[in-house]
Amino acid sequence: MANPLYDAVFGLHAGNTRALITDPLSGYTLSYNDFLLLGSATATVISDAGLAPGDRLVAQVGKSVNALAIYAGCVQAGVVYLPLNTAYTPSEVAYFLGDCGASLLVCDPASAASLEPITTKHHAALMTLSADGLRGSFAEAVTAASSSFKTVVREPDDLAALLYTSGTTGRSKGAMLTQQNLLSNAQTLCELWQFTQDDVLLHALPIFHTHGLFVATNVTLLSGASLVLEPSFHLDRAVTLLPHVSAVMGVPTFYTRFLSDERFNRALTESVRIFISGSAPLLAETHTQFEARTGHRILERYGMTETNMITSNPYTGERRAGTVGHPLPGVEVQITDPDSGQPIPDGDIGIIEVRGPNVFKGYWNMPDKTAAELRDTGFFITGDLGQRDNDGYISIVGRNKDLIISGGYNIYPKEIELLLDQQPGVEESAVIGVPHADFGESVVGVLVGQAHNIDTGAIQASLGESLARFKLPRTLVIVDALPRNTMGKVQKNVLRDHYSDSNSPLG
Ligand code: MCA
Ligand code: AMP
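Residues numbered from 1 in each chain as written. Chains lettered and ligands numbered in written order. Predicted model: local features only at pLDDT ≥ 70, side-chain atom pairs only at ≥ 80, totals over all residues. Heavy atoms only, no water.

A. Spatial organisation of the packing of aromatic side chains. The tally for this structure, following the rule as stated, stands at 21 aromatic pairs. Ring plane angle 85 degrees and centroid distance 5.5 Å describe the contact between F233 and F258, whose orientation is recorded as edge-to-face. One end of the pair, F233, is in the loop between β10 (226-229) and α9 (235-241); the other, F258, is in helix α10 (residues 252-259), with 25 residues separating them in the sequence. In terms of burial, F233 and F258 fall into one category: buried. Judged by centre distance (6.4 Å) and plane angle (40 degrees), the rings of Y255 and F258 are tilted. One end of the pair, Y255, and the other, F258, are both in helix α10, 3 residues apart, so they sit about a helical turn from each other. For the pair formed by Y255 and F258, the shared burial category is buried. The side chain of R273 reaches across the aromatic face of F195, ending 4.9 Å from its centre. The residue whose ring lies beneath R320 is Y393, and the NZ or CZ to ring-centre distance is 4.1 Å. (Phe/Tyr/Trp six-rings, centres within 6.5 Å; stacked < 30°, edge-to-face > 60°. Helix = DSSP H or I, 4+ residues; strand = E, 2+ residues; numbered from the N terminus. Buried < 20%, exposed > 50% of the residue type's maximum accessible area, 1.4 Å probe, protein only. Lys NZ or Arg CZ within 6 Å of the ring centre and 35° of its normal.)

B. Representation of the sheet that holds strand β19 (residues 394-399) within the structure. Strands sit in the order β16-β17-β18-β19 across an open sheet of 4 strands; the sheet is antiparallel. Looking at which strands have only one partner, the edges of the open sheet turn out to be β16 (332-336) and β19. Each strand axis lies, on average, 50 degrees off the axis of its neighbour in the sheet, ignoring direction. Bridge analysis of strand β17 (residues 350-355) against strand β18 (residues 380-388) gives 4 bridges, and the strand direction is antiparallel. Looking at the pairing, G350 lines up with G386 of β18. (Pairing = 2+ DSSP bridges. Axes fitted to C-alpha atoms, helices over the stretch in contact; angles between N-to-C directions.)

C. Spatial organisation of the side chain of T269. Within the secondary structure layout, T269 lies in the loop between α10 and β12 (274-277). The class of T269 is buried, set by a relative accessible area of 0%. Leave out the neighbours within four places in its chain, and T269 touches L242, F264, F275, T294 and H296. (Contact = heavy atoms within 4.5 Å.)

D. Representation of the pairing of strand β8 (residues 173-178) in the model. Among the 6 residues in β8, 6 count as buried, and that is most of the element. Neither face of β8 is open: one carries K173, A175 and L177, the other G174, M176 and T178, and all of them are buried. Summarising the sheet, strand β7 (residues 159-165) and β8 pair through 6 bridges and their orientation is antiparallel. Across the sheet, L162 pairs through a bridge with M176, a residue of β8.

E. Structural context of the state of the cysteines. Inspection of every chain in the model, using the stated rule, returns 0 disulfides. Free of any disulfide, C74 has its nearest cysteine sulfur in C100, 11 Å distant. (Disulfide = S-S within 2.5 Å.)

F. Looking closely at helix α13 (residues 413-420). Within α13, 6 of the 8 residues are buried, which leaves it mostly tucked inside the rest of the structure. Taken together, the buried positions of α13 are occupied by P413, E415, I416, E417, L419 and L420.

G. Here's a closer look at helix α3 (residues 65-77). The end-to-end C-alpha separation of α3 is 18 Å, in line with the 18 Å expected for 13 residues at 1.5 Å each. Count one or two residues on from α3 and you reach G78, which has phi positive near 75 degrees. (Expected span 1.5 Å × (residues − 1).)

H. Looking closely at the packing of helix α4 (residues 90-100) against helix α5 (residues 112-121). Axis separation between α4 and α5 bottoms out at 10 Å; the angle between their running directions is 25 degrees. With respect to each other, α4 and α5 are oriented roughly parallel. When you trace α4 past α5, the crossing you get is right-handed. Between α4 and α5, the contacting residues are P90, V93, A94 and L97 on the first element and S114, L115, I118 and T119 on the second. Split into classes, the residues belonging to the contact of α4 with α5 amount to 6 nonpolar, 2 polar and no charged. (Parallel < 35°, antiparallel > 145°, perpendicular 65-115°, else oblique. Left-handed = near helix turned anticlockwise from the far one by under 90°. Nonpolar A, V, L, I, M, F, W, Y, C, P; charged D, E, K, R; others polar.)

I. Layout of the site of ligand 2. Among the 16 residues in the neighbourhood of ligand 2, the closest are listed as R301, T305, D384, K401 and N410. For ligand 2, the protein covers 92% of the area, taking 500 Å² as the surface of the free molecule. Among the elements of the structure, β13 (299-304) and β19 are those that each provide at least two residues to the shell around ligand 2. Looking at the shell around ligand 2 element by element, the count peaks at 5 residues for β13. Residue composition of the shell around ligand 2, grouped by class: 7 nonpolar, 4 polar and 5 charged. (Near = heavy atom within 4 Å. Areas by Shrake-Rupley, 256 points an atom, 1.4 Å probe, with all protein chains shown as cover.)

J. Up close: the pattern of salt bridges. Under the definition given, this model contains 25 salt bridges. Here R171 and D99 are joined by a salt bridge, their closest N and O atoms 3.5 Å apart. Of this pair, R171 sits in the loop between β7 and β8 while D99 sits in helix α4, and the two are 72 residues apart along the sequence. Since its relative accessible area comes to 16%, D99 is described here as buried. (Salt bridge = Lys/Arg side-chain N within 4 Å of Asp/Glu carboxyl O.)

K. Representation of the environment of N66. Its place among the elements puts N66 in helix α3. Residues within four places of N66 in sequence aside, it is in contact with L38, L129 and G133.

L. Inspection of the nonpolar core at higher detail. Ranked by size, the top nonpolar core spans 113 residues in total, and within it F10, L57, F138 and L242 carry the most contacts. Among all residues touching F10, those that are not within four sequence positions of it are L5, F35, L36, Y71, A72, V75 and L221. In terms of nonpolar packing, the next biggest core, distinct from the first, is built from 38 residues, M176, I411, V426 and I459 among them. (Core = buried A, V, L, I, M, F, W, Y, C linked by side-chain atoms within 4.5 Å.)

M. The arrangement of the packing of helix α7 (residues 179-192) against helix α8 (residues 210-223) in detail. It is the contact of α7 with α8, at a shortest axis distance of 9 Å, that shows an interaxial angle of 70 degrees. Comparing their axes, α8 and α7 come out roughly perpendicular. The interaxial crossing formed by α7 with α8 has right-handed handedness. Listed contacts from α8 to L182, A186, Q187, L189 and C190 of α7 are F214, V215, N218, V219, L222 and S223.

Put into structure tokens, the structure is as follows:
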């Protein structure tokens with residue numbers, strides 16, 4: 001094959017007049033063929049902007065058909081796609097742009113003025129695309145561009161995307177994802193979850209993360225199904241759309257929000273054949289309540305940016321609440337002792353490690369980090385703690401990495417602690433995640449110092465200048481000292497127990 005990912009996911013639909021994008025409420029549809037033409041015009045623009053195969057394009061744009069076409073255009077042009085959370089601040093974007101050596105940034109017209117000095121500094125071009133995908137220099141160029149583009153030849157091991165995942169040291173790492181990583185995973189999931197061209201997927205996830213970008217989009221495209229492409233998850237609209245769709249993919253927050261709506265019941269979900277959950281733990285209680293209300297058993301699966309999807313509950317067999325199911329076909333999972341790295345018996349708790357065609361190539365320009373997390377044997381050390389039962393179902397019981405997952409977004413405490421430690425009056429800090437009914441976990445910052453020397457409002461404002469809002473601590477508390485063990489290590493578990501009720505917003 002000339003370009004395995006493009007040919008399998010996009011190219012095979014040339015001439016297909018069925019709907020790829022559909023809005024059952026307004027009647028809008030966009031055919032596969034028209035989307036491919038849009039993707040090819042986008043590839044022309046990318047190539048005309050001077051990007052060669054292997055160059056990086058960074059996109060920080062709202063979710064739209066045209067934004068999705070940037071992904072298609074990059075794959076067709078052999079350019080490495082790097083999507084960014086729209087909530088990231090200019091200082092966060094500056095890091096990604098500089099680290100990956102991007103050639104082009106596509107951003108919202110409203111952000112152009114604040115991002116222009118950054119692109120100038122890093123010698124990258126800047127083009128704009130509005131959140132609806134219709135305005136901006138990039139949109140204009142696509143409208144004027146030829147939709148005839150010769151697909152660039154790529155090897156299975158060539159990079160298709162670079163997705164940044166925060167690091168325990170506070171420095172984000174770019175996970176290098178190859179064509180083969182993305183394609184193999186999509187093919188496996190498509191088959192396992194039995195997607196066909198008759199499916200209509202409610203797509204309300206962001207398209208800058210693996211879940212909404214690769215899992216949802218690639219699986220739909222591979223199977224020839226349709227997408228209801230919502231800009232974001234709005235409960236009222238999602239409830240109205242449910243009778244028109246056959247599949248839903250979401251983070252647990254979607255499901256707890258559905259359950260909070262009294263219209264959500266068996267009749268409303270009759271046309272849906274599959275509800276899939278991932279990116280964060282789904283409480284067994286949510287699983288049970290969901291079944292009682294609708295008769296559906298949510299299918300929970302587990303994945304990571306570096307590995308794509310790793311495990312899934314079965315489509316036809318028992319979907320076991322509180323577990324993430326079995327390793328996907330072709331994917332190996334071993335559970336190892338955190339100290340020795342040796343595999344441990346079923347039932348024991350250890351680190352989940354994974355090997356297979358889904359596992360990334362390494363971290364961009366970080367050979368040491370790659371070597372520390374990707375073994376010579378090919379196993380990637382996830383940092384999640386899990387156990388396997390006698391029937392082969394895997395449960396995630398905790399994390400061996402200091403990570404907070406809020407509404408499906410990963411937040412690394414270290415990144416916030418480094419900033420808190422620099423604030424006036426703060427001697428040191430610890431950032432923890434505490435239970436939150438809507439987001440699963442929310443962020444609490446524990447500051448050491450004297451209350452009269454610390455202005456929490458000013459700290460919050462200062463953090464907001466450099467951190468995306470979803471990372472900001474919802475609560476800041478001041479203490480005399482942090483609890484430490486005999487080795488001097490901060491006991492975050494003690495803090496988590498103590499502040500488990502502190503998830504109210506700051507006043
Ligand atoms: C928004 N806010 C949040 C979050 N989202 N705060 C904490 N955690 C969040 N996840 C804040 C905003 O900053 C804002 O705060 C306020 O909440 C309202 O913002 P809004 O955008 O209206 O929020 P929302 O529409 O209610 O969004 C919540 C959401 C969204 C629908 C849960 O966060 C979401 O779509 N999450 C999905 C993330 C995802 O796709 N993860 C997959 C990662 P303020 O008022 O202060 O400004 S991929 C992955 O994990 C692996 C590979 C896997 O296995 O899938
Ligand atoms: P990310 O770095 O955004 O790719 O997030 C990956 C992390 O999300 C994993 O290492 C897990 O800690 C977590 N995760 C993903 N799916 C699940 C799940 N079904 N249950 C619990 N945690 C999950």
